[in-house]
Amino acid sequence: MEARSSSAALVAAAVVVALLALAPEASRAERFIVGDAARWTWGYNYTDWVIKKGPFFQNDTLVFMYDPPNATVHAHSVYMMRNAADYQSCNLKAAKLVAGVTQGAGSGFEFVLRKRKPHYFVCGERGGIHCTMGQMKFIVKPKSSACRDD
Ligand SMILES: *[C@@H]1O[C@H](CO)[C@@H](O)[C@H](O)[C@H]1NC(C)=O
Ligand SMILES: *[C@@H]1O[C@H](CO)[C@@H](O)[C@H](O)[C@H]1NC(C)=O
Ligand SMILES: *[C@@H]1O[C@H](CO)[C@@H](O)[C@H](O)[C@H]1NC(C)=O
Ligand SMILES: [Cu+2]
């Protein structure tokens, strides 16, 4: 009797484990506020943030939060650099606008990491000075969500 109920419990536990393993990948995607409490702003080390928060996986969401500019608040934006060289030098000439100066307001601007390629994010304000001097830049290369082990 004792043995039978404990083996029933084992079977039940195995079923739960099997169901968890079958859970769709998408439901495990995570959502990250870029910079956490600092949000998207001048002078925060986003390279360090990426190291601490990573790894990132395909379909995870990055949320960029920043206030729209006014007399006292400086403008920020989000651009994607085309390659590592442009990222290193903060050369915005071929950069693609991802979110304009007002799009980080409220609950923020969401970017889903759909592709497993390096994403070179920078702030494009002041002709690249927010990128060069303000450290508003980071690289994320999402891993396959099949590799998520949590
Ligand atoms: C990512 O999300 C899309 C849309 O929800 C889905 O079709 C795709 O299978 C997902 N990819 C992965 C690797 O989870
Ligand atoms: C930002 O963080 C990275 C990674 O921890 C570090 O290598 C770099 O020196 C930091 N930058 C500054 C300006 O402190
Ligand atoms: C500028 O925006 C900030 C943040 O949204 C707000 O707290 C502040 O009151 C605004 N200042 C002016 C002068 O509108
Ligand atoms: Cu900026």
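Just above, that's the structure.
Heads up: these notes are all about the structure in this document. Quantities reported herein were computed from a predicted structural model and do not represent experimental measurements.

1. What to know about the sheet that holds strand 2 (residues 61–64)
1) Next: One open sheet accounts for three strands, arranged 1-2-5; its pairing is mixed. Two strands lie at the open edges of the sheet, namely strand 1 (31–33) and strand 5 (109–112), each paired on one side alone. Across the sheet, the axes of successive neighbouring strands diverge by a mean angle of 25 degrees, strand direction being ignored.
2) Next: Of the pairings in the sheet, the one linking strand 2 to strand 5 comprises four bridges and is antiparallel in character. In the sheet register, valine 63 faces strand 5, and the bridge partner there is glutamate 110.

2. Description of the sheet that holds strand 4 (residues 96–99)
1) Next: Spatial ordering of the open sheet is given by 4-3-6-7, a layout of four strands whose pairing is antiparallel. Each of the sheet's edge strands pairs with one partner strand only, and the pair in question is strand 4 and strand 7 (137–140). Shown here is a sheet whose adjacent strand axes are inclined to one another by a mean of 30 degrees, direction ignored.
2) Next: In this sheet, strand 7 lies alongside strand 6 (residues 119–122) in antiparallel orientation, the contact comprising four bridges. Across the sheet, valine 122 pairs through a bridge with lysine 137, a residue of strand 7.

3. Here we look at the site of ligand 2
1) Next: In the vicinity of ligand 2, the residues found are Asn45, Thr47, Asp48 and Ile51.
2) Next: Residues that form the shell around ligand 2 fall into these classes: one nonpolar, two polar and one charged.

4. Description of unusual backbone geometry
1) Next: Across the junction of glycine 54 and proline 55, the peptide omega takes the value 0 degrees, indicating a cis bond.
2) Next: The topology assignment puts proline 55 in the loop between helix 2 (46–53) and strand 2.
3) Next: We note that arginine 39 has phi near 60 degrees; this positive angle belongs to a residue other than glycine.
4) Next: Exposure remark for arginine 39: the 17 C-beta atoms within 10 Å place this residue in the partly exposed category.

5. Some remarks on the nonpolar core
The tendency in soluble globular proteins is for nonpolar side chains to be buried as a group.
1) Next: Judged by nonpolar contacts, the single largest core of 24 residues is most densely connected at Phe64, Val78, Met81 and Val122.
2) Next: Elements represented by at least two residues in this core include exactly strand 2, strand 3 (78–81), strand 5, strand 6 and strand 7.
3) Next: Here phenylalanine 64 is in contact with Val34, Trp40, Val78, Ala99, Gly104, Gly108, Phe109 and Phe111, once residues within four sequence places are set aside.

Reading the values: rules and limits
- Residues numbered from 1 in each chain as written.
- Chains lettered and ligands numbered in written order.
- Predicted model: local features only at pLDDT ≥ 70, side-chain atom pairs only at ≥ 80, totals over all residues.
- Pairing = 2+ DSSP bridges.
- Helix = DSSP H or I, 4+ residues; strand = E, 2+ residues; numbered from the N terminus.
- Axes fitted to C-alpha atoms, helices over the stretch in contact; angles between N-to-C directions.
- Near = placed C-beta within 6 Å.
- Nonpolar A, V, L, I, M, F, W, Y, C, P; charged D, E, K, R; others polar.
- Buried ≥ 20, exposed ≤ 12 C-beta atoms within 10 Å, placed from the backbone.
- Core = buried A, V, L, I, M, F, W, Y, C linked by C-beta atoms within 7 Å.
- Contact = placed C-beta atoms within 7 Å.

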